[in-house]
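Architecture and fold: a report
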Amino acid sequence: MTVKVVLAGCGNMGYAMLAGWLKSGRLQPAETFVIEPNEELRARAQKLGSAVGGDASDIPAGTTPKLVVLAVKPQVIRDVTAAYKNLGDGETTFVSVAAGTPIATFEEILGSKTPIIRVMPNTPAAIGKGMMVSCANGNVSTETSAFVEKLLAASGAVATVDDERQMDAVTAVSGSGPAYIFHFIECLTAAAEQAGLPKETAKLLAMQTVYGAASLAAESDEEPGTLRQQVTSPKGTTAAALAVLMGNDRLKTLVGEAVEAARRRSIELGK
Ligand SMILES: NC(=O)c1ccc[n+]([C@@H]2O[C@H](COP(=O)([O-])OP(=O)(O)OC[C@H]3O[C@@H](n4cnc5c(N)ncnc54)[C@H](O)[C@@H]3O)[C@@H](O)[C@H]2O)c1
């Protein structure tokens with residue numbers, strides 16, 4: 001079977017996507033080749049049935065994959081991309097999930113005719129509940145675009161943006177967003193313990209409440225604001241808590257500042 005997808009970097013994000021592609025059956029293990037310098041992570045990919053190598057020179061000569069997916073840190077993305085220069089300006093489409101790094105950087109390294117797609121995934125992709133947002137240059141064929149969308153859909157919901165500058169906002173909202181929610185779970189757990197609940201109960205209540213509320217918001221036809229009002233009895237307990245969170249737009253301001261800090265950092269990483 002020919003190698004369709006080379007995955008460079010099989011850490012948190014690379015592995016989450018690879019596992020999703022193979023589990024969905026949209027790719028066969030023999031159609032994937034994983035390049036990962038870390039031995040343990042390489043063995044983990046091998047367990048899924050992928051062929052593996054320690055660096056780009058391990059890819060069999062003459063291999064022309066449909067995609068090279070770059071899932072390495074932004075700090076090393078230029079050097080890693082350069083190792084695939086021989087596949088630039090050709091049939092292979094490059095997909096990068098690196099925060100910040102603009103399409104122009106890949107065009108500069110690989111050649112201006114290279115098809116390039118930037119994708120911002122998030123870690124819930126590991127259980128098929130990710131948010132995958134893409135932005136492509138003009139060299140990507142309709143057929144490849146459809147192929148990539150199908151692969152991304154194995155990891156969760158898919159959206160596209162046409163204006164690449166919006167990828168910094170996407171990164172700040174859905175790319176980094178799971179960390180904000182995990183922190184909220186930590187905070188709600190700590191508050192529950194402080195209010196007198198045992199540790200395990202506190203964690204269960206915090207987690208199930210976030211899970212249930214997010215699921216209800218996703219499945220309901222009502223706006224989140226309406227769902228919030230349905231919980232809030234006049235002069236009741238929720239109203240007392242929301243006065244703390246919403247008074248002077250306290251939480252709104254805090255979340256706005258956090259997202260703006262992430263967006264600015266994404267712009268910096270691209271320089
Ligand atoms: N973790 C997230 O939530 C998340 C979400 C969206 C996007 N991203 C982006 O995904 C990329 C990877 O992030 P991560 O969290 O998976 O990091 P990670 O450190 O878990 O994974 C990166 C992997 O790249 C490997 N690597 C280093 N040099 C390499 C080389 N020359 N060839 C092949 N592999 C090499 C490392 O060994 C490591 O396993 C980053 O650019 C990040 O911006 C991450």
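Residues numbered from 1 in each chain as written. Predicted model: local features only at pLDDT ≥ 70, side-chain atom pairs only at ≥ 80, totals over all residues. Heavy atoms only, no water.

Here the focus is the pattern of salt bridges. This model, assessed by the stated rule, comprises 8 salt bridges. Glu 164 is paired through a salt bridge with Arg 118; the nearest N and O atoms lie 2.7 Å apart. One end of the pair, Glu 164, is in the loop between β8 (156-160) and α6 (166-175); the other, Arg 118, is in strand β6 (residues 116-120), with 46 residues separating them in the sequence. Since its relative accessible area comes to 22%, Glu 164 is described here as partly exposed. (Salt bridge = Lys/Arg side-chain N within 4 Å of Asp/Glu carboxyl O. Helix = DSSP H or I, 4+ residues; strand = E, 2+ residues; numbered from the N terminus. Buried < 20%, exposed > 50% of the residue type's maximum accessible area, 1.4 Å probe, protein only.)

Taken together, the neighbourhood of the ligand is formed by 20 residues, with Asn 12, Met 13, Glu 36, Val 72 and Ala 99 sitting nearest. Contacts to the ligand include Glu 36, whose side-chain N or O atom sits 2.5 Å from an oxygen atom. Of the residues that constitute the shell around the ligand, the class distribution is 14 nonpolar, 4 polar and 2 charged. (Near = heavy atom within 4 Å. Polar contact = N/O pair within 3.5 Å; in protein donor to acceptor, adjacent residues only side chain to side chain. Nonpolar A, V, L, I, M, F, W, Y, C, P; charged D, E, K, R; others polar.)

Per-residue confidence for the chain gives a mean pLDDT of 96; residues scoring 70 or more make up 100%. Reported for the predicted complex are a pTM of 0.94 and an ipTM of 0.98. (pLDDT = per-residue confidence, 0-100.)

Right, let's get into the packing of α6 against helix α11 (residues 250-269). Contact geometry for α6 and α11: axes closest at 8 Å, N-to-C directions at 130°. Between α6 and α11, the interaxial angle falls into the category oblique. You can see that α6 and α11 cross each other, and the crossing is right-handed. In this structure, α6 contributes Asp 168, Ala 169, Thr 171, Ala 172 and Val 173 to the contact, and α11 contributes Val 259, Ala 262, Arg 263, Ser 266 and Ile 267. Here the contact of α6 with α11 is built from residues that sort into 6 nonpolar, 2 polar and 2 charged. (Axes fitted to C-alpha atoms, helices over the stretch in contact; angles between N-to-C directions. Parallel < 35°, antiparallel > 145°, perpendicular 65-115°, else oblique. Left-handed = near helix turned anticlockwise from the far one by under 90°. Contact = heavy atoms within 4.5 Å.)

This brings us to the nonpolar core. Ranked by internal contacts, the top residues of the largest apolar core, which has 27 residues, are Val 5, Leu 18, Trp 21, Leu 67 and Val 69. Secondary structure elements with two or more residues in this core: β1 (5-8), α1 (12-24), β4 (67-70), β6 and α5 (142-153). Examining the composition of this core, we find that 6 residues originate from one element, α1, more than from any other. When neighbours within four sequence positions are excluded, Val 5 is seen to be in contact with Trp 21, Leu 27, Glu 31, Thr 32, Phe 33, Pro 65, Leu 67, Val 69, Phe 147 and Leu 151. Listed in part, the 26 residues of the second largest apolar core include Ile 59, Ile 116, Cys 135 and Val 170. (Core = buried A, V, L, I, M, F, W, Y, C linked by side-chain atoms within 4.5 Å.)

To continue, consider the UniProt feature "domain: Pyrroline-5-carboxylate reductase dimerisation" (unreviewed entry) in the chain. As annotated in UniProt, the feature "domain: Pyrroline-5-carboxylate reductase dimerisation" (unreviewed entry) corresponds to residues 164-269 in the numbering used here. Taken end to end, residues 164-269 is 82% helix and 0% strand, and its two terminal C-alpha atoms sit 15 Å from one another. (UniProt positions renumbered as here; feature names shortened; annotations may be inferred.)

Another point: the packing of aromatic side chains. Counted under the stated rule, the structure contains 0 aromatic pairs. Seen from the ring of Phe 147, Lys 66 lies directly overhead, with NZ or CZ sitting 5.3 Å from the centre. (Phe/Tyr/Trp six-rings, centres within 6.5 Å; stacked < 30°, edge-to-face > 60°. Lys NZ or Arg CZ within 6 Å of the ring centre and 35° of its normal.)

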